Amino acid sequence: KKWIANPLIRLEDINQRHTYVESVINSSDKGMHIQSVLNEIGDLERILSRISTGRCTPRDLLFLKQGLSAILPLSEALLNISEIWQAQVEKFLAVDQVITLISDAIADDAPNTITDGNIIKVGYHQELDELKEIASEGKGFIAKLQQEEREKTGITSLKVNYNKVFGYYLDVTNTHKDKVPEHYIRKQTLVNSERYITAELKAFEEKVLGAEDKIKSIEYELFQQVREHITKETKAIQQNAKCIAEIDCLVSFATVSSKMNYTRPVMSENGILSYKRGRHPVVEEMLDPGVQFITNDCYMDLTGDQVMMITGPNMAGKSTFLRQTGLIVLMAQIGCYVPADEAEISVCDRIFTRVGASDNLASGESTFLVEMNEAANILNNATQKSLILFDELGRGTSTFDGLSIAWSVVEYLVKQPSRSAKTLFATHYHELTELESLFPKIKNYNVAVEEYEDHIIFLRKIIRGGTDNSYGIQVAKMAGLPDSVIERAKEILDNLEENELSPNNPRLKKQKRGKVQDENQISLFSAPAPKPSAVEEKLKELSIDHLTPLDALNELSKLKTLISEN
């Protein structure tokens, strides 16, 4: 989590982590051995915090010993892979005294509490061993005393018992009361028996019970001494825990990179961000079995391809493309391989995002104000080395306001040399595609779709060129809006496309599909001037100087389709 929150920005450090990951991938069998060693190590920092605050249990110390004992085999396994791990291994500090202390003092089967005894090993403390011997001899003494008293008195049913109220006592049934010796002292009379004590039994009781209490007291004191001694080695243990955590992360990177066919990126500082057949690392894992993630390419630099203006329908994959690009850069700079067939990534100093819709009503900030705050933060802090992901901008206000803000923001990022960061800008403001003809650093892209009757098929591919259709009504239909709402939306859309709203045309005319307009109803729209055909409009928009032969064929196919439709 710390590495993700704080990616590396020094090229040397990033390449070093990638080299560590590569060494593990190239030694798959040895890498699996390292994993098995790491599996023996618990959360040392958490255990150490419990020890330092006096909340640890004997088992915590045993887990600490197990984790620290794994350092040596872990170091050997790493060096067995490659000598490049030498620098990492040398970060480990000696903690042999801690391991020896826990091994000598704490019993291997110690309980998870510190008040019930059985914590300290036999042989660690002489007085404690003597007391334990006394306590352990109790059962043998009771059995011996019971047998001797039966033989002396002739009472075969005599028993030596214990309870918390009276301690140890001799139990004699009423049948044998007349055989009780004079030196027996009566303690309690029951319905069927009498309970007695003797001086010998009382002395034994004091000795055994005193030993058990003292055992618990001494064990608790010794345990605290061990804990305090370990606390003095906190710094060394923390250093080792950090080293182990770093190794664990690097081995995890190697494991997931090998499993998911990730690629080592070529890191640079030349301002280029490029990858081939990139994937979103989370989305591809969440797809149903047998469903393949549609890959995409990306190329950006600071000279000719600074801004990718991405248009296209809702749900087509614009947001996925933006986020996968950000994640690929992030993964590369924390030291992991990336989900792409090949990648060249110039080190970024920051990744800025303006994604989604949220508000902060408690502070009086609307959704649009939050959006503008985020945009302001980006424009005031981005540098040439930054990566900016704009997933919609200006959608929280009126159309012309939002479009104007979005247009101005893109211009600012292109015109200001100090803020000219690589930018991916996803938008439904199709007017922004005109920026490509004004600024060479802006390139239009769109998400390909296929139309079939009244349906759309998302191809999930990012292709060159802009689009002027968001297919919002089709998406609304897919979401399940009532048919009447969908049909009316289509009518309104047709009206808007045919007649621009103005003070002279304040309202939409009524339904026209399937119903005849009332002859007495005055149209709220002025008669539109004759419009050029769709083919003519399309031809006017074409910029022939920028068409490749393939683009020309594609545009010709579209024109032919328009003619057949009309």
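That block above? That's the structure.
Chemist: Would you mind showing me how to read the environment of Ser 386 here?
Modeler: Residue placement: Ser 386 occurs in the loop between helix 15 (367-381) and strand 11 (387-391). Distance in space between the C-alpha atoms of Ser 386 and Arg 419 is 8.5 Å, their sequence separation being 33 residues. Ignoring anything within four residues of it in the chain, the contact list for Ser 386 reads Cys 348, Asp 349, Arg 350, Phe 352, Ala 421 and Lys 422. Within the structure, the side chain of Ser 386 is placed 2.8 Å from the side chain of Asp 349, a separation counted as a polar contact. One polar contact links the side chain of Ser 386 to the main-chain amide nitrogen of Thr 383, over a distance of 3.0 Å.

Chemist: What is the right way to look at the sheet that holds strand 13 (residues 442-452) in this model?
Modeler: To summarise the sheet geometry, strands pair through backbone hydrogen bonds and adopt either a parallel or an antiparallel arrangement. Taking strand neighbours across the sheet as the criterion, the 6 strands line up as 10-11-12-8-13-14 in an open arrangement whose pairing is mixed. Edge positions in the sheet fall to strand 10 (351-354) and strand 14 (455-464), since each of these pairs with one other strand and no more. Strand-to-strand twist of the sheet, defined as the mean angle between neighbouring strand axes without regard to direction, takes the value 15°. Helix 14 (residues 318-334) rests against strand 8 (307-311), strand 10, strand 11, strand 12 (422-426), strand 13 and strand 14 of the sheet, and its axis sits at about 160° to strand 11.

Chemist: Explanation requested: the pairing of strand 7 (residues 296-300) in the structure shown.
Modeler: A regular strand places its side chains on the two faces of the sheet in alternate fashion. Taking every second residue as pointing to the same face, the buried face of strand 7 carries Asn 296, Cys 298 and Met 300, while none of Asp 297 and Tyr 299 on the other face is buried. Examined bridge by bridge, strand 6 (residues 273-278) and strand 7 share 4 bridges and lie antiparallel to one another. Along strand 7, the bridge assignment pairs Tyr 275 with Cys 298.

Chemist: Please explain the nonpolar core as it appears in this structure.
Modeler: Inside soluble globular proteins, nonpolar side chains tend to come together where they are buried. By size, the foremost hydrophobic cluster in this structure holds 96 residues, and its most contacted members are Leu 64, Ile 106 and Ile 230. If you tally residues by element for this core, the top one is helix 12 (residues 234-259), at 10 residues. Counting residues in each nonpolar core, the second largest holds 24 residues, with Met 372, Ala 382, Val 414 and Phe 425 among its members.

Chemist: Help me understand the layout of surface pockets, please; the structure alone is not making it clear to me.
Modeler: Over the atoms rolls a probe the size of a water molecule, and in doing so it shows where empty space is left. Of the voids in this model, the second largest pocket is the one considered here, and its volume is about 630 Å³. Looking at the second largest pocket, it is lined by 21 residues, and the ones nearest its centre are Lys 1, Lys 2, Trp 3, Ile 4 and Cys 249. Contributions of two or more residues to the lining of the second largest pocket are made by helix 1 (2-5), helix 12 and helix 14. Among the elements that line the lining of the second largest pocket, the one with the most residues is helix 12, at 6 residues. Residues of the lining of the second largest pocket, tallied by class, amount to 15 nonpolar, no polar and 6 charged.

Chemist: Is there a simple way to think about helix 2 (residues 11-25) in this case?
Modeler: Structural remark: α-helix, 3.6 residues per turn; residues separated by three or four positions point the same way. In a regular helix each residue adds 1.5 Å, so 15 residues correspond to 21 Å; helix 2 covers 21 Å between its end C-alpha atoms and thus fits that length. The complete set of buried residues in helix 2 reads Leu 11, Ile 14, Arg 17, His 18, Tyr 20, Val 21, Ser 23 and Val 24.

Chemist: Would you explain the pattern of salt bridges in this entry?
Modeler: One side chain can pair with another of opposite charge once the charged atoms of both are near each other. With the rule as written, the count across this model stands at 18 salt bridges. Glu 22 is the partner of Arg 264 in a salt bridge, and the nearest nitrogen-oxygen pair spans 2.9 Å. Within this pair, whereas Arg 264 is found in the loop between helix 12 and strand 5 (266-268), its partner Glu 22 is found in helix 2, the two being separated by 242 residues in sequence. Judged by relative accessible area, which is 26%, Arg 264 ranks as partly exposed. Given a relative accessible area of 31%, Glu 22 falls into the partly exposed group. By sharing partners, the salt bridges in this structure join Arg 10, Glu 12 and Asp 13 into a single network.

Chemist: Is there a simple way to explain a nonpolar patch on the surface in this structure?
Modeler: Together, Tyr 452, Ile 457 and Leu 459 give the surface a local cluster of nonpolar side chains, amounting to about 290 Å² of exposed area. Relative to the assigned elements, Leu 459 resides in strand 14.

Chemist: Just to check I follow, could you spell out the packing of aromatic side chains for this structure?
Modeler: The geometry of an aromatic ring pair is captured by two quantities: the separation of the ring centres and the angle between the planes. If you walk through the whole model with that rule in mind, you get 6 aromatic pairs. Judged by centre distance (5.9 Å) and plane angle (50°), the ring pair of Tyr 184 and Tyr 196 falls under tilted. Taken together, the residues Tyr 184 in the loop between strand 2 (167-173) and strand 3 (185-189) and Tyr 196 in strand 4 (residues 193-197) connect sequence positions 12 residues apart. Of the two residues, Tyr 184 and Tyr 196, neither departs from the other in class, the shared state being buried. Members of the aromatic cluster, connected to one another through ring pairs, are Tyr 162, Tyr 168 and Phe 204. Sitting over the ring of Tyr 445, Arg 464 keeps its end group 5.5 Å from the ring centre.

About the cut-offs
Each chain carries its own residue numbering, running from 1 in the written order of its sequence. Thresholds applied to this predicted model are a pLDDT of at least 70 for local features of residues and 80 or more for the giving and counting of side-chain atom pairs; totals over whole chains, interfaces and linings are not thresholded and use all residues. Only hydrogens and water are set aside; all other atoms, that is, all heavy atoms of the structure, feed into the side-chain values. A run of H or I in DSSP becomes a helix once it reaches four residues, and a run of E becomes a strand once it reaches two; helices and strands are each numbered from the N terminus. It only takes one pair of heavy atoms within 4.5 Å for two residues to be counted as in contact. For this analysis, a polar contact is any N or O atom pair within 3.5 Å, provided that within protein one partner can donate a hydrogen and the other can accept it, and provided that sequence-adjacent residues contribute only side-chain to side-chain pairs. DSSP bridges decide pairing: two strands pair if at least two such bridges lie between them. To get an axis, a line is fitted to the C-alpha atoms, and for a helix only the part in contact is used. The angle between two axes follows their N-to-C directions and goes from 0 to 180 degrees. Exposure classes here rest on a 1.4 Å probe applied to the protein chains alone. A residue is buried below 20% of its type maximum, exposed above 50%, and partly exposed in between. The definition of a nonpolar core used throughout is a set of buried Ala, Val, Leu, Ile, Met, Phe, Trp, Tyr and Cys residues joined through side-chain atoms within 4.5 Å. Lining residues are those with an atom within 4 Å of a point, where the points come from a 1 Å grid over the protein atoms alone and group into cavities, where a 1.4 Å probe fits but cannot get out, or pockets, open sets with protein on both sides within 12 Å along at least five of seven lines. Grid points are joined across faces, edges and corners, and a volume is the space filled by probe spheres set on the points. Each residue gets one label: Ala, Val, Leu, Ile, Met, Phe, Trp, Tyr, Cys and Pro are nonpolar, Asp, Glu, Lys and Arg are charged, and the others, such as Gly, are polar. By definition here, a helix of n residues has an expected span of 1.5 Å times n minus one. Only one rule defines a salt bridge in this text: a Lys or Arg side-chain nitrogen within 4 Å of an Asp or Glu carboxyl oxygen. Excluding any residue in a salt bridge, patches collect residues exceeding 30% relative accessible area, merging like charges within 9 Å and nonpolar Val, Leu, Ile, Met, Phe, Trp and Tyr side chains within 5 Å. Accessible surface is estimated by sampling points in the Shrake-Rupley manner with a 1.4 Å probe; for residues, cover comes only from the protein chains shown. Ring geometry is summarised as follows: Phe, Tyr and Trp rings, the Trp one being its six-membered ring, pair when their centres sit within 6.5 Å, and such pairs are stacked at plane angles under 30 degrees, edge-to-face over 60 and tilted between the two. The rule is short: NZ of Lys or CZ of Arg within 6 Å of the ring centre and within 35 degrees of the ring normal puts a charge over the ring.

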